[in-house]
Amino acid sequence: MGSINRDDEKESLLDTKTSRKKNARIHNGYGARHTFTILSFIGYFHIYALRFNLSVAIVAMANHTDTKSDVNNTDMDVCPSPSLNDTKLTNKQAVEFDWDESTQGLILSAFFYGYAATQIPGGYLATKFGGKHIFGCGILITAILTLLTPLVARIGTWALIVCRIIEGLAEGMTFPAISTMQGKWTPEKERSVLPVFASSGATFGSLVVMPVAGYLCDSDFLGGWPSVFYIFGGTAVIWFVFWNFLIFETPSDHTRISAAERLFIESTASVKKATHYPTPWRAILTSSAVWAIMLTDFLQAWGGCITYTTLPTYMNKIQKFDITKDGLLMALPMLMSLITSIFGSYLADLLRSKRILSTVTVRKLFNTLGLVPAALCLPFISLAGCEHVIVVALIVLGNGMLGFVQVGLTVNLLDIGYNYSGILMGLSNFSSNIPAVFSPYFVGLMTNNHESMSRWQTIFYVSMGAYIVGTIIFLVFAKGSEQPWNKPPDKPNENYITIKQSSMTGYQSPKTRYANSYGF
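Residues numbered from 1 in each chain as written. Predicted model: local features only at pLDDT ≥ 70, side-chain atom pairs only at ≥ 80, totals over all residues. Heavy atoms only, no water.

Student: I would appreciate a short explanation of unusual backbone geometry in the present structure.
Tutor: One can expect most non-glycine residues to show negative phi and most peptide bonds to be in trans. If you check the backbone angles, Arg355 has positive phi at about 60 degrees while not being a glycine. Along the chain, the position of Arg355 falls in the loop between helix 13 (323-353) and helix 14 (359-383). (Helix = DSSP H or I, 4+ residues; strand = E, 2+ residues; numbered from the N terminus.)

As structure tokens, this is what we get:
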């Protein structure tokens, strides 16, 4: 009799879930999920603005005079200055710190020591306690430390390095936290558009910080380069106030959301709290779909870190762009990347909703469209020599196409395991930030006291190889459907629930059976 009741309960739950999905009409018009997406966009903006402002400012801060980059122009070690920059080769603020290239690489990579360390803990904490406060406080702490950066830098090099490590520790939890919330706030039909639009704020942050930081460093406003840290740190503090009062952890917690929108979201999004059942660590860590994302993220991040953290130095030292033009130049590929990511997200959801292509095909297609052009353009940057127009075009095209990677690789976490999106984002971001720890220092070692085009050519070839290998791995191993370990034990599904017909065999709850199945 107990077995029959459990069968009836299973059927009832199935009917309830099916009915809810059928009755959940698409919610058109502006809603609470759009407010969440917009403030997430601004949050992403500050994550990257606070992270990479130093990449531009350090060109103005550092004044190392021992470099040998200009000893042999006949060997194309460096380029003559572009005609636009003939009257201003160096920034008037670049007089304060005597940091060689190796030291600069160590400073730039310091952030990522902390950032990589808190990715997985951040995912666990966000899954267990929710992402709102972790995301908000992570950005707030980074903003406060950014405001203090000019003071800390003047205390000493190691003080700045420690400050950047702490900033990384705070920001390291933000991506897993926001990914956890996106799993709860994103309906399946908008799984490309809303998360990609929000995450494009990171690209927009890079797009804005590069030229604005360049102009600020070249000005006398608030002392020149210190103004970069004051402005972006200050706006991040203001953002935190809006985030804290307008955003709620889940649709069910929201006090102003309409019933129709809540039903639409909860029909396909993650509406359960992960504390109701254990995290299937063994299943996640042995999933080929997860490893495809982690390895591809690792390899594409190597080239991305070269672009975001060290390419401004290449353009200044080798191509002889001054810091103002340098920042403006670096904004162009970010602008193209922003366009490709947003356009790609709409196109991807269209292809999926019209059933023109399967989800896994869409993800692999857009990841390939992002990585392959970036790989092919890299070696030609140094081969183009001092043809500035060609160099700029290659940088804009190659790095701009990386926006498609967000549509292919980044949102794939929600496809395969939206209930554990925070955990998966933590694993993915940990993997992607290992290169961020080493690549700036690698560039510093390669170019230390010898900034030359031949040295940078080697750096670009290594990045090209990483992009190609990442493309191949994702094509072979990526998945596009929800994985068995993502389905919670109290969700009726044959992957979890096999009702024993005889109570004599000993009935186990779905939660217990789920834990046993995955080794916990």
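From this point, the narrative continues.
Student: Help me out: how do you make sense of the packing of aromatic side chains in this one?
Tutor: Aromatic rings in a pair are described by how distant their centres are and how their planes are angled relative to each other. Counted according to the given criterion, the structure contains 19 aromatic pairs. Where Phe41 meets Phe197, the ring centres are 5.2 Å apart and the plane angle is 20 degrees; that geometry is what we call stacked. You can see Phe41 sitting in helix 2 (residues 32-61) and its partner Phe197 sitting in helix 8 (residues 193-217), a full 156 residues away along the chain. Note on Phe41: relative accessible area 16%, which makes it buried. Its relative accessible area of 32% is what places Phe197 among the partly exposed residues. Their ring planes at 55 degrees and their centres at 6.5 Å tell us that Tyr420 and Trp485 sit as a pair that is tilted. With Tyr420 in the loop between helix 17 (412-417) and helix 18 (421-447) and Trp485 in the loop between helix 19 (453-477) and helix 20 (510-517), this residue pair connects regions lying 65 residues apart in the sequence. Of the two residues, Tyr420 and Trp485, both sit in the buried class. One cation-aromatic arrangement involves Arg51 over Tyr115; the distance from NZ or CZ to the ring centre is 4.3 Å. Of note, Lys132 hangs over the ring of Phe248, and the distance from its end group to the ring centre comes to 5.8 Å. (Phe/Tyr/Trp six-rings, centres within 6.5 Å; stacked < 30°, edge-to-face > 60°. Buried < 20%, exposed > 50% of the residue type's maximum accessible area, 1.4 Å probe, protein only. Lys NZ or Arg CZ within 6 Å of the ring centre and 35° of its normal.)

Student: It is not clear to me how the packing of helix 3 (residues 101-117) against helix 6 (residues 157-171) should be interpreted in this structure. Could you clarify?
Tutor: The axes of two packed helices give the description: the angle between them and the distance between them. Packing of helix 3 against helix 6 leaves a shortest axis separation of 6 Å and a crossing angle of 30 degrees. In terms of axis orientation, helix 3 runs roughly parallel to helix 6. The chirality of how helix 3 crosses helix 6 is right-handed. Residues Thr103, Leu106, Ile107, Ala110, Phe111, Tyr113, Gly114, Tyr115 and Ala117 of helix 3 lie in contact with helix 6, whose contacting residues are Thr157, Trp158, Leu160, Ile161, Arg164, Ile165, Glu167, Gly168, Leu169 and Glu171. Residues that form the contact of helix 3 with helix 6 fall into these classes: 12 nonpolar, four polar and three charged. (Axes fitted to C-alpha atoms, helices over the stretch in contact; angles between N-to-C directions. Parallel < 35°, antiparallel > 145°, perpendicular 65-115°, else oblique. Left-handed = near helix turned anticlockwise from the far one by under 90°. Contact = heavy atoms within 4.5 Å. Nonpolar A, V, L, I, M, F, W, Y, C, P; charged D, E, K, R; others polar.)

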